[in-house]
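Chain residues, written in single-letter form:
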Amino acid sequence: MIELLSYDFLRRALIAAVLVGVAAPAVGTFIVQRRLALLGDGIGHIALTGVGLGLLTSTSPTILALVVSALGAVAIELLRVRTRTGGDVALALLFYGGLAGGVLFANLSGGSANLSSYLFGSISSVGTGDLYIVAGLAVAVIVILALFGRELFVLCQDEEVARASGLPVRFLSLLIAIVAALTVVVAMRAVGLLLVSALMVVPVAAAQQLTRGFKATIGLAVVVGVVASVGGLWVSVDADFAPGPTIVLLAMAVFLAAVGTGRLVRMRRTDVT
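Rules used in this analysis
- Residues numbered from 1 in each chain as written.
- Predicted model: local features only at pLDDT ≥ 70, side-chain atom pairs only at ≥ 80, totals over all residues.
- Heavy atoms only, no water.
- Axes fitted to C-alpha atoms, helices over the stretch in contact; angles between N-to-C directions.
- Helix = DSSP H or I, 4+ residues; strand = E, 2+ residues; numbered from the N terminus.
- Parallel < 35°, antiparallel > 145°, perpendicular 65-115°, else oblique.
- Left-handed = near helix turned anticlockwise from the far one by under 90°.
- Nonpolar A, V, L, I, M, F, W, Y, C, P; charged D, E, K, R; others polar.
- Buried < 20%, exposed > 50% of the residue type's maximum accessible area, 1.4 Å probe, protein only.
- Contact = heavy atoms within 4.5 Å.

The name an unreviewed UniProt entry assigns to the protein is Metal ABC transporter permease, from the organism Actinoallomurus liliacearum.

*Asks:* Would you mind showing me how to read the packing of helix 1 (residues 8-33) against helix 6 (residues 128-157) here?
*Replies:* To describe two helices that pack against each other, one gives the angle between their axes and the distance between the axes. Contact geometry of helix 1 with helix 6 gives a least axis separation of 9 Å together with a crossing angle of 20°. What the angle tells us is that helix 1 and helix 6 run roughly parallel. Two packed elements cross with a definite hand, and for helix 1 against helix 6 that hand is left-handed. Of the residues belonging to the contact of helix 1 with helix 6, the class tally is 18 nonpolar, 4 polar and 1 charged.

*Asks:* Explain the environment of Val-254 to me, please; I cannot follow it from the model alone.
*Replies:* With respect to the secondary-structure elements, Val-254 resides in helix 11 (residues 243-272). Take Val-254: its relative accessible area is 26%, and that puts it in the partly exposed class. On a C-alpha basis, the gap between Val-254 and Ile-76 in space is 31 Å, while along the polypeptide they are 178 residues apart. Discounting chain neighbours no more than four positions away, the residues touching Val-254 are Ala-206 and Val-224.

*Asks:* Explain unusual backbone geometry to me, please; I cannot follow it from the model alone.
*Replies:* One can expect most non-glycine residues to show negative phi and most peptide bonds to be in trans. The residue Arg-35 is not glycine, and still its phi comes out positive at about 60°. With respect to the helices and strands, Arg-35 occurs in the loop between helix 1 and helix 2 (39-57). Its relative accessible area of 70% is what places Arg-35 among the exposed residues. Positive phi, normally seen in glycine, also occurs at Ser-58, with a value near 60°. Note on placement: Ser-58 falls in the loop between helix 2 and helix 3 (61-82).

Spelled out as structure tokens, the structure:
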């Protein structure tokens, strides 16, 4: 672990890993509760178009990914609510369109080789400017969840109950989609756009094996996310592995351990009763 503090780029990577580990599972808890576990994948694919545009125009791929992914998140929600197209079809449309657009623009820019760092993550190459953007977005995500957490919880539990309670359902639905888009961009440099949804979902799935209440789930999911992000970064530096896949595989290992632990706990409770 000392190696992570030895160089500036590793210190930046460590900070980014912690920010990603907190933000992604925090948002993922709401998304999983609303049964939109693949939302991160859909937004991640369309964010790739923003990355491609950034490479093509020689501007910041991160900023353009943020803009495009936010627009894509709004499009997903509008397609889901206002048309007869099911949520899964709307996600599929953005999957394919976003991926194709990103690859096309990257090829036109001649920088298709740089695309892999956004597809699979390159946390060790996070610069100072990237870190400021990631930190700003992560803080924005946490602040929004803190301000609207109760309303979003009601919405994710039951949309009809939220509507009957007088909550602004349309606004909250768009808000959670946009927050998911912010989170995708936060995690993009750490685990990559193709794996970002895993860090939003797997820690939550692991926490659900061991907790019952929503607050406990979100708290434990954040702990798992931070452990997976920091642990995956450390393993990748020590063993010279790719950081993104290592982080996700470590999160999967924690999930499997949580499944086993959860079963043992339930068996003991059954034996006691």
